[in-house]
Amino acid sequence: SEQKAQYKARIKTLLAEKNAVLVAHYYTDPEIQALAEETGGCVSDSLEMARFGRDHPAKTLIVAGVKFMGETAKILSPEKRVFMPTLEATCSLDLGCPEKEFSDFCDAHPDHTVVVYANTSAAVKARADWVVTSSIALEIVEHLDSEGHKIIWGPDKHLGAYIEKQTGAKMLKWNGACIVHDEFKAKHLHDLKSMYPQAAVLVHPESPSSVIDLADAVGSTSQLIKASQEMDNEMFIVATDKGIFYKMQQLTPDKTFIEAPTGGNGATCKSCAHCPWMAMNGLVAIENALIADDLSEHEIFVDDDLREKALIPLDRMLNFAQ
Ligand code: 13P
């Protein structure tokens, strides 16, 4: 609409004026991803967002995603100012892993190496030996397991179970889950597969193991996008946040992408294949992050002591991934 075009034009001007760059996740709404692309920002998975934010010369980062992504950006680039469309955009994995409880769990097993998913607070990262994202988790755990480390894994139980199955590692797992992926149902997916036997099934490993078992490819957002390009199928059933369809469709416009089913008729599903917090990154919120008088609603601050501690396991991941 015309109003949206006006917002976009104003945001473009403000980004340029403020030497700011927009860093967006594949789960944000299509118009936000398009805006990041049009303005020289990035649209990517959580690992690439971290790298892009760190390496980009802009003095200000506008992170369209969820809070841990803004915190990671700030930890990696304390000299930059990091703003988010809203600081309310949290993550069920982060919420389900409070620092105190997690730290007590780690303290109870002092001989274990602590590996945490990027979807955690800065405080939880500060307690960890390694941070991993879904695109690098398998390789890092494989490496640690081969060196004989005993491993604490948190917080995603489904990703943890998938990694255990793939690597043979046995980990002490935290009991967290992503509300979006947790909703995918194997029975309904099985039925949909029977309706479309020609379709390949792409599954993010935050999904339940029964859903992963039906997958033709399992991986992080960037890995699923790559699979959708490389596999010969004309049709894909995709079990992850539907924001990802923007990039899949853009890269292969002739292929068909359909959503994997979430429970029942949809009426019982809380998040329906779209993260409610990612959805908070709208145009109005982005403009506000660029002009607001009260920046306390938008700016990310991480306490110095916490930042220095959290940087260690984050740097380990980035150096390993190089
Ligand atoms: P990736 O983009 O690393 O696959 O992460 C997905 C996710 O959980 C984002 O919140």
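This text follows the structure it describes.
Residues numbered from 1 in each chain as written. Predicted model: local features only at pLDDT ≥ 70, side-chain atom pairs only at ≥ 80, totals over all residues. Heavy atoms only, no water.

**Q** Break down the site of the ligand for me, citing the residues and quoting the values.
**A** Taken together, 14 residues form the shell around the ligand, and within it His-25, Ser-46, Ser-134, Glu-206 and Thr-221 come nearest. For the ligand, an oxygen atom lies 2.5 Å from a polar atom in the side chain of Ser-46. In the environment of the ligand, an oxygen atom lies 2.9 Å from a nitrogen or oxygen atom belonging to the side chain of His-204. Protein chains shield 97% of the accessible area of the ligand, which is 300 Å² for the free molecule. When atom positions are compared with the pocket grids, the ligand is found to occupy the largest cavity. (Near = heavy atom within 4 Å. Polar contact = N/O pair within 3.5 Å; in protein donor to acceptor, adjacent residues only side chain to side chain. Areas by Shrake-Rupley, 256 points an atom, 1.4 Å probe, with all protein chains shown as cover. 1 Å grid on protein atoms, 1.4 Å probe; cavity = no way out; pocket = protein on both sides within 12 Å on 5 of 7 lines; lining within 4 Å. Sits in = over half its atoms within 2 Å of the grid points.)

**Q** Tell me about the packing of aromatic side chains, residues and numbers included.
**A** This model, assessed by the stated rule, comprises seven aromatic pairs. Here Phe-102 and Phe-105 contribute two aromatic rings whose centre-to-centre distance is 6.3 Å and whose plane-to-plane angle is 50°, an arrangement assigned as tilted. In this pair, Phe-102 and Phe-105 are both assigned in helix 6 (residues 99-107), three residues apart and thus about one turn of the helix distant. One exposure class covers both Phe-102 and Phe-105, and it is buried. Both rings, one in Tyr-117 and one in Trp-153, keep their centres 6.3 Å apart while their planes meet at 35°; by these two values the pair is tilted. Residue Tyr-117 is found in strand 5 (residues 112-117), and its partner Trp-153 is found in strand 7 (residues 150-154); the two are separated by 36 residues along the sequence. (Phe/Tyr/Trp six-rings, centres within 6.5 Å; stacked < 30°, edge-to-face > 60°. Helix = DSSP H or I, 4+ residues; strand = E, 2+ residues; numbered from the N terminus. Buried < 20%, exposed > 50% of the residue type's maximum accessible area, 1.4 Å probe, protein only.)

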